[in-house]
Amino acid sequence: MGIDAEEPLYNELAQLAKAIGSWPIRIQPDNRIMYHISAVLAGGSIAAIIQVASELWGASVESSGTESGLGNHALLPLVKSTVESVNRFGISDALTGPFVRGDKGTVVRHLEALSSVAPNMVPLYCQLALAQLSIARATGKLTMQRYREIDEIVKSAPVSYT
């Protein structure tokens, strides 16, 4: 839990943080906004990504007669497993999917499908793809050549914000 305070208030707030099962960390006033942004991304943005994924999941099964609105229920085991893997093994070892595998064909098919079904989701997919590519490359899971090829595919994707 980030704390922006001077002594003795910092010590009191740190004890409170520990009492509720958190761990205190001193945040400098100039860095508070980045701390807040990181919390927004790790909290509300993850929830929004789950919602988007659930909607896409729903679009994949609704035509087969499956009840809509089950995406959250269907995807939460994967989300929980991913969070647990990040906790146990770290982000780079928890990362899976076409970007880590260097699977250009799947990335192209994903972008084509999103462009057709949910074009407003292409920018989100591309930004997350670039982040995953960067992690995969930094950990040596992806060759530089494959990194460049997929990076070019992602960066040349048609983007729509409507």
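Structure's up top.
Residues numbered from 1 in each chain as written. Predicted model: local features only at pLDDT ≥ 70, side-chain atom pairs only at ≥ 80, totals over all residues. Heavy atoms only, no water.

K.L.:
Help me get a handle on the nonpolar core, residues and values and all.
P.N.:
Core analysis: the largest hydrophobic core is formed by 19 residues, its most contacted members being Phe99, Val107, Leu111 and Val154. When residues of this core are assigned to their parent elements, the largest contribution, 6 residues, is made by helix α8 (residues 122-138). Val107 has contacts with Pro98, Phe99, Tyr125, Ile150, Ile153 and Val154, leaving out every residue within four places of it along the chain. (Core = buried A, V, L, I, M, F, W, Y, C linked by side-chain atoms within 4.5 Å. Buried < 20%, exposed > 50% of the residue type's maximum accessible area, 1.4 Å probe, protein only. Helix = DSSP H or I, 4+ residues; strand = E, 2+ residues; numbered from the N terminus. Contact = heavy atoms within 4.5 Å.)

K.L.:
If you had to explain the packing of helix α3 (residues 44-61) against helix α4 (residues 71-89) to someone new, which residues and values would you point to?
P.N.:
α4 packs onto α3 with a crossing angle of 125 degrees between their chain directions and a minimal axis gap of 9 Å. Comparing the axis directions of α3 and α4 gives the class oblique. Crossing handedness for the pair α3 and α4: right-handed. Residues Ile50, Gln51, Ala53, Ser54 and Trp57 of α3 form the contact with α4, whose own contacting residues are Gly71, Asn72, Ala74, Leu75 and Val79. Split by residue class, the contact of α3 with α4 holds 6 nonpolar, 4 polar and no charged. (Axes fitted to C-alpha atoms, helices over the stretch in contact; angles between N-to-C directions. Parallel < 35°, antiparallel > 145°, perpendicular 65-115°, else oblique. Left-handed = near helix turned anticlockwise from the far one by under 90°. Nonpolar A, V, L, I, M, F, W, Y, C, P; charged D, E, K, R; others polar.)

K.L.:
Pulling in residues and values, what's your account of the environment of Ala129?
P.N.:
With respect to the secondary-structure elements, Ala129 resides in helix α8. Between the C-alpha atom of Ala129 and that of Met144, which follows or precedes it by 15 residues, the distance is 16 Å. In this structure Ala129 touches Phe99 and Val154, once residues within four positions along its chain are discounted.

K.L.:
For a nonpolar patch on the surface, give the residues involved together with the corresponding values.
P.N.:
A contiguous nonpolar surface patch, about 550 Å² in accessible area, is contributed by Met1, Ile20, Trp23, Ile25 and Tyr35. With respect to the secondary-structure elements, Tyr35 resides in helix α2 (residues 32-42). Relative accessible area serves as the criterion here: at 33%, Tyr35 is assigned to the partly exposed category. (Patch = residues over 30% accessible without salt bridge, like charges linked within 9 Å, V, L, I, M, F, W, Y side chains within 5 Å. Areas by Shrake-Rupley, 256 points an atom, 1.4 Å probe, with all protein chains shown as cover. Salt bridge = Lys/Arg side-chain N within 4 Å of Asp/Glu carboxyl O.)

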